[in-house]
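One letter stands for each residue in the lines below.
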Amino acid sequence: MTSTFISRFTPSLMKQETLETIFVQRETLAQHLVEVISESALTANKHFRLLVGMRGIGKTHLIALIYHRVSKMEDLRDKLLIAWLAEEEWGVTSFLEFLRRIFWALEKEYPEEYNAQLNQKVKELEAIYQSSPDEAEHTAAALLKDFVGKRTLLLLVENLDDLFDGLGDIGQKQLRAYIHNYSFLTILATAQSLFDGVRLQDYPFYGTFNSHNLEKLKLDEAVDLLTKIANLEGNSELESFIQTPTGRNRIKAVHHLACGNHRIYVIFAEFLTRKKLDELIEQFNRTVDELTPYYQGRMAWLSQEERKIVKFLCDRQGAIPIQEIAESCLMEYKTASSNLKDLERKGYVIYEAIGDNYFYELQDPLMRLCLEVKQKRTEPICLCVDFLRKWYSRNELEEQLKSPLNNISEFEIVLAALKKSEKNEPEDQRVPALWKEYETHIKKADFDYALKQGNKLLEIRGHASDYLAVAFTKLFLGRYNEALECCDEAIKIEPNNSIVWWGRGKVFYEQEDYDKALESFDEAYNFDPRNLIILFDWKCCYLKNKEKKGENDDLESLDREIEGNPNNIEVWSTRAWRLSALGKYKEALESYDKVISLDPFDESAWSNRGWVLCGLERYDDALASYNKALELDLNYGWAWCQKGWVLERLEKWNKALEAYDKAIELDEKYSWIFFHRAQALLMLNHWDEGSVALDDALERFAHSSEPNTGDTAGIIRNLFNDIHHTQMWRSRISTLIEIYNKHQVVAELGQGIVRSIPALMSEMVSDKAAQTWLEVWQELTSEYKEFQIPLRLLNTAVKYRVKKGDRRVLLELAIEERQLLEPLLGAIEPINMKVK
Amino acid sequence: MRANPGGQVAPSEVIGRDRLIERLWDILERQSLVLSAERRMGKTCVIKKMEAEAPADKLPIYHDLEKVRSPLEFVEVVLQDVEEYLGGLKRTAKRTRDLLRQLGGAEFRGFKLPSFAAPHWKNVLTQTIEDLVENKERTVIFFWDEVPYMLGNIGDEAAMEVLDTLRSLRQMHPEIRMVFTGSIGLHHAIDSLRQAGYANAPTNDMYIEDVSPLSSTDATELARQLLEGENISTPDLQITSAEIAQAVDNIPFYIHHIVSQLKSRGGVVSAATVSEIVNGFLTDPLNRWDMVHYRRRIDTYYNDEKRPYALDLLDILAITNQPLSFNELFDSLKSQPTTQDREIALTVITLLQRDYYIIQETNGKFLFRYPLIKRYWELSRGLTV
């Protein structure tokens, strides 16, 4: 790790290299600005540009970057002078004072030339001022003009709105006249908003500045910024983590509150580590603390009346009509309205118009949350961050639920693979204990400790699986070369073991050496064509490789081989496998049919064909294909897993349950199978048995660093749809709360409540049913803080439907909560929903 | 050429003003000139180009006067400009300096006129112009920009005196030329003085000329050069250029703005993109083109009696597709109880023409001067059907 100075509040202090390294989103604009400044220096055209954006949006960063780039341009050396005025030029109350600030900036920039030509004369201005301020002003204007000579003077002016306020009407007119009379000035300025002094025709500088609105960071850009900061700090572990789906989900949670403000990300990144990003709450609390001066600074820029409004909006959640704001702030309606418009231009508030009413709220939810912290109320922000963390993790899970293969975490895959490569019962009694320790710590992402256990296994016996175990811990720790050495040792011991080849492929994959990774995955496939995890990784690697090389994903070489030998089963099989990996299910199906026509007893071909049919959503056909595979090999564990999943799609819960039981019996002990089994029992109304199964699944999988808690939304949605009895709801919800609370994951039920809201919005559901559902939850969860946000969202959703979609109901919610709820209200009834 | 909305455009890159400038030189052969136009129509560009490319027998002296706060400061500006010119000829403003020595009892040095000269500003100005006339080798033309601002700064009484003095100097020295320009219509400044008791017509010896938008050919050419200069892709450069020019009524400031927006937006530009950007500006909640000004100005410059006439007239013209005669307009006006007076209606129609809202065609019918403003008026006043 290196230590590079990244200033949070004064980017002008940073070195150019740092500014460039962490510069995101605005390269095109930066280049354009450099070009127009260059044109201003080299021709009679003079540009006046204004960068507009709220505090913390990166205005000074951009100005500093432009300054460095322009000052290094050789062709401008004799043509351009630069005067970079201080960010906060307090006390500029006249045109003369403004000219003096320019002199100070020039002195700093060009000390020799300044001392030779200007220093003494500028000092004399003070004496002249005593006898005639007008004379001093006139002299100063003439001095500057003479000093610049035939060159162009670039003024870098921050907070132009503030400067213009100080200059007043006559000072602005003097400046404008000076610009017009002598035509040697070009200006790059910043402002928080497009203020009246440049916006309205009644002001001298109307239309003079071409404004550029600095946009907020989008999620990808925020990820880019954090990645660049991690890279600059030499924090490769964090840099890698940010790129993972989990890391990205954590940033999504931050992004939900940060509103794309650059400064917040810079502060957020300051103490960031992989662990802190993963856990999030502690890091967020620290960020909020560090943000206090930023928000205090934002408040300081406002008038007393504006502050009063902001404070009121901070205290109140949701969007508030102007009338209410005016009354609560003891203002006339007109005053409140005018202040709100000003706050909106400055980026503090946003509004929504409903009919004739305008509802205003704070644009930046973090501002409200920070002020709550200042009032010693830390709980709201912790609850909010925790909810968002889970929400975006769950989003990933929702995606995973679409496919059983995606439903397995990286750690689970590794542990399952290690178990499979562990073929014989261990002779040494210490081995099982070490494996258990290893497994426990891998699940907790404590790789250093897991590595120690792996090394002990190597000392005791040195099996291929032991080398692989050590290889994976080193892989997770980013020690790729050592990981590779371990894989190679494992291959020496068991050259025909698909898992060790797969592990080798994973190491190359992480190093982005996709060609070598593909070679290893191909070897792995040759030894175990049944293994869909190998297929999945091969696919990712293949696509990444194509992306890296900019190639299309063609399979021409295989096609040529087939032309030469149309009955080569291995080539057909590889073709089918690759096509399915690439999602080209229709073509893959044709290839599998060909494989099966050549060898109807290939159970893996039948099973993989089932997978392809699932991709085509032909579940009946997929089921038939899995059945065929199982006819050929009744102990084909993965085929049982997939069969169970297909039976779920077909709502054949009894059969699905049997399939899952069989899969578990065959040691396919993935977390999703346990949870799906429990859910199948609940769907079959075997509530007691289902509860026990759920409890068991949570016991197994809810206590790791990446806890798996099952599809809570599915469970809750089914409960709502299947049961029509309030007492039954009460009883079953109580059970669920008890089970989840026992495993300290009760917040996950809150996620499920929110995600199942679309079920309540169906036209087939009565208002009364929705209201009762809400009341039961309210009654049973009042003691749990984890349910505060979910119940608030549920309450709003029910109220919204009872009031026939009255948007004002939604505006009562804080913006960050409303943004979560809104997409759920228009959702179409999900699959498996029954009419109520 | 790069888009540079609001910035200073190099005189050599000012497009489509050659014929206007030629006409202005012709006028200046005969008399002085009031050059008026809406803000941002390009007045300053025109006079800067005249200053940069003046014929050999003319000496243009440009000065932006918006900063001037008193008659003495104005004289000071004129004296400095005259001395700078005479200095080039190795001469001085002798009469003026003699006068100042007499007034102050000592040699005048420095840039600023001493405060004791304030009561004598007319005399100092007269001497300064006489120094110029006596020593000049070419026809001197004062291009005084933002004159109405100066008049506003110095107060009603002094403003009347300045205007009268300048008129008197033009009569005394017919070889001197003055060009007044300003963002605020000079007629509003003079109307304001009239309300304070002023009865003269201080510019009735001057030719009044408007700076109009560019011709459609020149506006299209400007758009084309800007699109090329900014490397903006478009399926058909000529069609897109024409679309831009037409969408903003051939006004160069807005053409620069549209191209600048297109540059920021990136991608390939079509006619639809242009239309989308223009509509965006017209309905922009941030009011970046300050179109609200056209509504606000009615409140500022039209009194309670005239205001309802102005608003109703513009509302009527905003929703009609063809020009209307005065009688047609007045028939519609009469339907409202607050606009029944024919004479007031006629006065307001004249004012609206001078304020660039409307024009009268040769057949006597009225219409909005700029379709862009008409469209804005229609949108902002809720007149869209």
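Residues numbered from 1 in each chain as written. Chains lettered and ligands numbered in written order. Predicted model: local features only at pLDDT ≥ 70, side-chain atom pairs only at ≥ 80, totals over all residues.

**Digging into the sheet that holds strand β5 (residues 210-213) of chain A**
All names here are of chain A.
Thinking step 1. Pairing within the open sheet is parallel, and its five strands lie in the order β2-β3-β4-β1-β5. Each edge of the open sheet carries a strand with a single partner, namely β2 (80-84) and β5. Between one strand axis and the next, the sheet turns through 15 degrees on average, direction left out of account.
Thinking step 2. For β2 and strand β3 (residues 152-157), the ladder comprises five bridges, and the chain directions are parallel. Residue L81 lies in a different strand from β3, and its bridge partner there is L153.
Thinking step 3. Relative to the sheet, helix α4 (residues 95-109) contacts β2 and β3, its axis offset from that of β2 by approximately 115 degrees. (Pairing = 2+ DSSP bridges. Helix = DSSP H or I, 4+ residues; strand = E, 2+ residues; numbered from the N terminus. Axes fitted to C-alpha atoms, helices over the stretch in contact; angles between N-to-C directions. Contact = placed C-beta atoms within 7 Å.)

**A word on the domain arrangement of chain A**
All names here are of chain A.
Thinking step 1. When its domains are assigned, chain A resolves into domain 1 (26-213), domain 2 (219-387) and domain 3 (669-836).
Thinking step 2. Just the C-alpha atoms count here: the centres of domain 2 and domain 3 sit 29 Å apart.
Thinking step 3. Contacts between the two partners involve 15 residues from domain 2, matched on the other side by 12 residues from domain 3.
Thinking step 4. No other element matches helix α20 (residues 379-400), which puts five residues into the side of domain 2 that touches domain 3.
Thinking step 5. By residue class, the composition of the side of domain 2 that touches domain 3 is eight nonpolar, three polar and four charged. (Domains from an automatic or database assignment. Nonpolar A, V, L, I, M, F, W, Y, C, P; charged D, E, K, R; others polar.)

**A look at unusual backbone geometry**
Thinking step 1. Of note, A:Q25 is a non-glycine position whose phi angle comes to about 75 degrees, a positive value.
Thinking step 2. Positionally, A:Q25 belongs in the loop between α1 (16-21) and α2 (27-42).
Thinking step 3. In this structure A:Q25 comes out as buried when scored by C-beta crowding, with 21 C-beta atoms within 10 Å.
Thinking step 4. Its identity as a non-glycine residue notwithstanding, B:E146 has a phi of 60 degrees, on the positive side.
Thinking step 5. Relative to the helices and strands, B:E146 is located in the loop between β3 (139-145) and α6 (147-154).
Thinking step 6. Looking at B:E146, the number of C-beta atoms within 10 Å reads 27, which means it is buried. (Buried ≥ 20, exposed ≤ 12 C-beta atoms within 10 Å, placed from the backbone.)

**Comments concerning the confidence of the model for chain B**
Residues and elements named next belong to chain B.
Thinking step 1. Of the residues in chain B, 98% reach a pLDDT of 70 or more, and the chain-wide mean stands at 90.
Thinking step 2. Confidence, read as mean pLDDT per element, is least for helix α8 (residues 186-195) in chain B (76) and greatest for helix α9 (residues 216-229) (96).
Thinking step 3. Among the scores for the predicted complex, ipTM is 0.87 and pTM is 0.77. (pLDDT = per-residue confidence, 0-100.)

**A look at the interface of chain B and chain A**
Thinking step 1. Between chain B and chain A, the residue contacts involve 31 residues of the former and 34 residues of the latter.
Thinking step 2. Contributions of two or more residues to the side of chain B that touches chain A are made by β2 (58-64) and α11 (252-265) of chain B.
Thinking step 3. Among the elements that take part in the side of chain B that touches chain A, α11(B) stands out by supplying three residues, more than any other.
Thinking step 4. Its residues assigned to classes, the side of chain B that touches chain A comprises eight nonpolar, 11 polar and 12 charged.

**Some words on the packing of α9(B) against α11(B)**
Residue and element names in this part refer to chain B.
Thinking step 1. Interaxial distance between α9 and α11 falls to 10 Å at its minimum, and their mutual angle equals 30 degrees. The angle between α9 and α11 falls in the class roughly parallel. Regarding α9 and α11, the two cross each other, and that crossing is right-handed. Across the interface between the two elements, A219, L222, A223, L226 and L227 from α9 touch P252, I255, H256 and V259 from α11.
Thinking step 2. Partitioning the contact of α9 with α11 into residue classes produces eight nonpolar, one polar and no charged. (Parallel < 35°, antiparallel > 145°, perpendicular 65-115°, else oblique. Left-handed = near helix turned anticlockwise from the far one by under 90°.)

**A closer look at helix α34 (residues 637-649) of chain A**
Residue and element names in this part refer to chain A.
Thinking step 1. With 13 residues, α34 should reach 18 Å at 1.5 Å per residue; the first-to-last C-alpha distance of 19 Å fits that figure.
Thinking step 2. Burial analysis of α34 places 11 of its 13 residues in the buried class, the great majority of the element.
Thinking step 3. Those residues of α34 that fall on the buried side of the exposure criterion are W638, A639, W640, C641, Q642, K643, G644, W645, V646, L647 and E648.
Thinking step 4. Positioned one or two residues after α34, E651 has a phi angle of 60 degrees, which is positive. (Expected span 1.5 Å × (residues − 1).)

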